[in-house]
Amino acid sequence: MNQIEKCRILGVLDDGVASLSRTALAYLQQAQLVIGGTRALQLFAEYIHPTARQRDLTGALSQVPEWIRDAQAADLRVVLLATGDPLCHGIAAYLASRLCIEAIEVLPNVSTLQLACARLGLPWQDMKFSSVHGKDAGDWVEGSEPGHGLYALLRDVRQNDRLAILTSPGNTPDRIARMLVTEGLADDFEMAVAERLCQPEERVVSGISIQVATQMPFADPNVVLLWRTSQRTQPVLLGLPDASYQQRYPEKGLITKSEVRVVSLARMQLRANSVVWDIGAGSGSVGLEAARLCGQGHVYAIEKNVDDSAIVRSNRKALGISNHTLVHGKAPEGLQRWPDPDAVFIGGSGGELAELICLILQRMKPEGWLVMNFVTLENLSVAVETLKAQGAAWDVLQLQASRSKPILHMNRMAAENPVWLVCAQKVTVQKASKTEKTEKCDD
């Protein structure tokens, strides 16, 4: 069997052939098929052999692996031109996941993110490298879902002090700045933008305030650097005091009290990347603390009361949480478009409890947990009977806390209302193994 001719993925910069090593240039000149974006193919046109075929990957990324396979099957020498370091938010990882490792060889260059740091003399070993070089999803809207083009960047901004960001013609520096303003982070960061690196028109603008950057145009391509100007505090993840949350008054505050909240969250068995549903969000306390615990996940919440919905949004903004989406509506309407959950919390059902439980058991991922809080015997009864009918595994826990309160110069214990926690998992029927089937037949 003949050894496959590797596809050479060359990291290139906008100063053209000056950015290539002697080895990389030789691969380019000898290539029989050259793949690259429009700008890269134009930049290196005079170094591509006249008989070599060229393919523009702009808008055709999904076809590139097949182009390479076909060329290798024909024993052609293939070169792919990629910007900077192809393994740093570049195409090399994409190709490596779709072609065998032996099919490619990466000849990296300096990343444009590294170049931008070098221009400003910023060490980058502890800097978070991010990319918004994906599809244009429009300006950021508070509460946007993970599919938004700026979602991952906002998560990185909240968790890091210094960032270097690859932009795109759609997701521009001014759009990033507007996102920071929307999320209340404008005063926490300064920005620098490096335009057209390694080109004659190169320009680096530093020390820009976020507010000013919201209206500044920059030449493409560019790289954004962000650094924090105020100290980032580590937030409390679990068990915030009830007073930390805005609640609806003068009516009794619709909030899951901290003792019940902590146990409910523990029973939900959350992971860092969990998808969580919060049904009947009230003041939002359970869903918002779940969002903090699931820093790589997302919480989808629904609340039917318009005033409470506004309170949830206010609490979300005050706590600086962005991996949380709130819908004003009555469950189960709207739940069909949410991704399947790893955990579900029901704090209020709006009279649709049995229907909700059946829906959740159908949608919940294997080993997921449904946790429900009740203060009435009627809802407890409906929940237990529905879980029995659905063949779910369930248990009930009663919590009743008492808190100290002053009386004269002393203190007494004041009892809170008892709360029932109903926790359930769907039972997955395991298919019998071949051995078990044989034994049953023998019997």
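Residues numbered from 1 in each chain as written. Predicted model: local features only at pLDDT ≥ 70, side-chain atom pairs only at ≥ 80, totals over all residues. Heavy atoms only, no water.

Moving on, we get to the pattern of salt bridges. Scanning all chains against the criterion turns up 29 salt bridges. With a closest N to O distance of 3.0 Å, Arg175 and Asp139 form a salt bridge. Of this pair, Arg175 sits in helix α7 (residues 173-182) while Asp139 sits in the loop between β6 (128-131) and α6 (151-159), placing them 36 residues apart in sequence. Look at Arg175 and you get buried, because its relative accessible area is 11%. In this structure Asp139 comes out as partly exposed when scored by relative accessible area, which is 34%. The partner of Arg363 in a salt bridge is Asp340, with the nearest N and O atoms 2.6 Å apart. A residue pair is termed long-range when its members are at least 10 positions apart, and Arg363 in helix α12 (residues 353-363) and Asp340 in the loop between β13 (324-328) and β14 (343-346) qualify at 23 residues. You can call Arg363 buried: its relative accessible area is 18%. Classification of Asp340 by relative accessible area gives partly exposed; the value is 36%. (Salt bridge = Lys/Arg side-chain N within 4 Å of Asp/Glu carboxyl O. Helix = DSSP H or I, 4+ residues; strand = E, 2+ residues; numbered from the N terminus. Buried < 20%, exposed > 50% of the residue type's maximum accessible area, 1.4 Å probe, protein only.)

For Arg363, the side chain forms a polar contact with the side chain of Asp340, separated by 2.6 Å. Once residues lying within four places of it in the same chain are set aside, the contact partners of Arg363 are Trp277, Leu335, Gln336, Trp338, Pro339, Asp340, Pro341 and Lys426. (Polar contact = N/O pair within 3.5 Å; in protein donor to acceptor, adjacent residues only side chain to side chain. Contact = heavy atoms within 4.5 Å.)

With that settled, the discussion passes to the sheet that holds strand β19 (residues 419-425). Ordered in space as β13-β12-β11-β14-β15-β19-β16, the seven strands form an open sheet in which the pairing is mixed. One side of each edge strand has no neighbouring strand; the edge strands of this open sheet are β13 and β16 (393-399). Geometrically, the sheet is characterised by an average inter-axis angle of 15° between neighbouring strands, direction not taken into account. In terms of strand pairing, β14 meets strand β15 (residues 369-374) through four bridges, oriented parallel. Counterpart to Phe345 in the pairing with β15 is Val371. Docked against the sheet, helix α11 (residues 306-319) engages β12 (298-303) and β13, running at close to 165° with respect to β13. (Pairing = 2+ DSSP bridges. Axes fitted to C-alpha atoms, helices over the stretch in contact; angles between N-to-C directions.)

Grouped together as the largest cluster of nonpolar side chains are 27 residues, with contacts concentrated most on Ile279, Ile346 and Met372. Only β11 (275-279), β12, β14, α12, β15, α13 (377-389) and β19 provide two or more residues apiece to this core. (Core = buried A, V, L, I, M, F, W, Y, C linked by side-chain atoms within 4.5 Å.)

Time to look at unusual backbone geometry. Geometrically, the link from Asp220 to Pro221 is a cis peptide bond, its omega value of 0° lying close to zero. With respect to the helices and strands, Pro221 occurs in the loop between α8 (210-213) and β10 (222-228). Following Ala331, the chain continues into Pro332 via a peptide bond in cis, with omega recorded as 10°. As for its placement among the helices and strands, Pro332 is situated in the loop between β13 and β14. We note that Gln269 has phi near 55°; this positive angle belongs to a residue other than glycine. Counting through the fold element by element, Gln269 comes out in the loop between α9 (258-267) and β11. Of the residues examined, Gln269 reaches a relative accessible area of 49% and is grouped as partly exposed.

A word on α9. Buried within α9 we find Ser258, Val260, Arg261, Ser264 and Leu265. Angular distribution of buried residues about the axis of α9 spans 155°; they occupy a single face of the element. Turning to α9, the residues buried within the fold contact α10 (285-293), β14, β15, β16, β17 (402-407) and β19. (Arc of directions from axis to C-beta.)

Moving on, we come to the environment of Glu378. By the element assignment, Glu378 lies in helix α13. Residue Glu378 is classed as exposed on the basis of its relative accessible area of 58%. Residues Glu378 and Gln234 lie 144 residues apart in sequence; the distance between their C-alpha atoms is 42 Å.

With that settled, the discussion passes to the confidence of the model for the chain. Interpretation of the predicted coordinates at a detailed level should be avoided for regions scoring low in pLDDT. Here the chain shows a mean pLDDT of 91. Residues at 70 or above account for 95%. For residues 431-443, every residue scores under 50 in pLDDT, and the model assigns this stretch two contacts once sequence neighbours within four places are set aside. (pLDDT = per-residue confidence, 0-100.)

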